[in-house]
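# Residue-level structural notes
Below, each chain spelled out in residue letters.
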Amino acid sequence: MKFVISSSSLLSTLSTASKVISSKNTLPILDYFLFDIKSDGLHVTASDLETTITTVVTPDSVESEGVIAAPVKLLIDSLKEFSEQPLTFEADETTWEIKISWTTGSITLPGMSGMSYPSVQPLTDTAREIEIEADTLLGGINKTIFATADDELRPVMNGIFIDITPAQYIFVATDAHKLVKYTVEKEGDDVAASFILPKKPANLLRTMLLREDDTVKVAFDDKNVKFSLSNSTLICRLIEGTYPNYNAVIPANNPNKVIVDRIELLNGIKRVAVCSNQATNLIKFEIGDNRINLTAQDLDFSYSANENLSCSYEGSPVTIGFKSTFLIEILSNLETPSVIIELADSTRSGVFKPLYDDVQPCDTLMILMPMLINA
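Everything numeric here is computed off the predicted structure, so don't read it as measured data. (Residues numbered from 1 in each chain as written. Predicted model: local features only at pLDDT ≥ 70, side-chain atom pairs only at ≥ 80, totals over all residues. Heavy atoms only, no water.)

Bringing the packing of helix α5 (residues 262–273) against helix α6 (residues 324–332) into the picture now. Where α5 meets α6, the axes come as close as 10 Å, and the angle between the chain directions of the two elements is 155°. Classed by the angle they form, the pair α5 and α6 counts as roughly antiparallel. Classified by chirality, the crossing of α6 by α5 is left-handed. Here Arg 262, Leu 265, Leu 266, Ile 269, Lys 270 and Ala 273 of α5 lie close against α6, whose contacting residues are Ser 324, Leu 327, Ile 328, Leu 331 and Ser 332. (Axes fitted to C-alpha atoms, helices over the stretch in contact; angles between N-to-C directions. Helix = DSSP H or I, 4+ residues; strand = E, 2+ residues; numbered from the N terminus. Parallel < 35°, antiparallel > 145°, perpendicular 65-115°, else oblique. Left-handed = near helix turned anticlockwise from the far one by under 90°. Contact = heavy atoms within 4.5 Å.)

Every buried residue of α6 is listed here: Ser 324, Phe 326, Leu 327, Ile 330 and Leu 331. When α6 is viewed along its axis, its buried side chains cluster within an angular range of 155° and face the same direction. (Buried < 20%, exposed > 50% of the residue type's maximum accessible area, 1.4 Å probe, protein only. Arc of directions from axis to C-beta.)

With that settled, consider the nonpolar core. In globular proteins that are soluble, nonpolar side chains generally tend to be buried together. Counting residues in hydrophobic clusters, the biggest one holds 63 residues, and the most contacted among them are Phe 33, Phe 35, Leu 75, Phe 89 and Phe 227. Element by element, the count of residues in this core is highest for helix α4 (residues 199–209), at five residues. Formed by 36 residues, the second largest nonpolar core is a distinct cluster that contains Ala 173, Phe 326, Ile 341 and Met 366. (Core = buried A, V, L, I, M, F, W, Y, C linked by side-chain atoms within 4.5 Å.)

Another point: the pattern of salt bridges. Within this structure, the stated rule accounts for 13 salt bridges. Measuring nitrogen to oxygen at the nearest pair gives 3.2 Å for the salt bridge that ties Glu 50 to Arg 237. Taken as a pair, Glu 50 in the loop between β3 (41–47) and β4 (51–57) and Arg 237 in strand β17 (residues 232–237) lie far apart in primary sequence, 187 residues in all. It is possible to trace a salt-bridge network through shared partners that takes in Lys 2, Glu 63 and Glu 90. (Salt bridge = Lys/Arg side-chain N within 4 Å of Asp/Glu carboxyl O.)

Structure below.
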């Protein structure tokens, strides 16, 4: 095989694909990219057996087609040292050597036969297919992925639950302490389905969607899902199991409502959190008379801090405690200048929502479990 390709476009493609590769591969071939030159371009595949990415990049010219496995680390480290210029790739199909040439020099890398590269398990005949806007999918992942868990005992919580109803796309993530529900309205149809997307492929897909403008074809069966973008494909194994009933844990009646400037609250929490107990990160909210009093203390070291913020408040005075690290995550992932915090009492979860000036086609709801406040 022999082809000429831009160094920068190849590096960009390989950098994205390499993120799927595990540092502890069970098969030596998985430390290699699969290069497959065809008439429509260079197909680059990377896999960890659970997730596989295939991206098509257009070479400047193709002299001969072929298939070879190229070493990931050596290839990327070499390409990082090039300025933008055409590179000529030649592969010897008897020794599996890869020679990369440019105007002033060349590199020879050891390759492997591509015939031993693991093939992707095809979806079953019962697979379903939908089309979803790239921005919708990207927004759903961005809004929820921070709330996924790393729980070996409850693997269903280690991914994003995508619940498709006839009228909505619903993205949900939870780690049992916080929960995020992101809802996007869609044109009414009869499609109803759901699956749990693992965190690692969700992060990979997020990177790929940043450069995508078209709709994404999503095909899935009981075990795998395939995302087809304009120049790339991601196939991954789904998390099997039943996702928790997320609607059941969202508090329904919250008579106490706070409207507060998001950035002021976020910065206030960060300042006060410096003096919180390092084990609990507890911050106490005392809310009433259109004021929020934030306090934190560490009795072991005699640290304490407090801050008063103005807000708009409807309801009876309430005192509640939250973990500062979770609060910072939630407020950082809301984009509006002001937020609404809905509370019932000190023992029930707080509901955090963005405050929009007009009606939006999407809706974000985040809940956070309270912490026990020591007397």
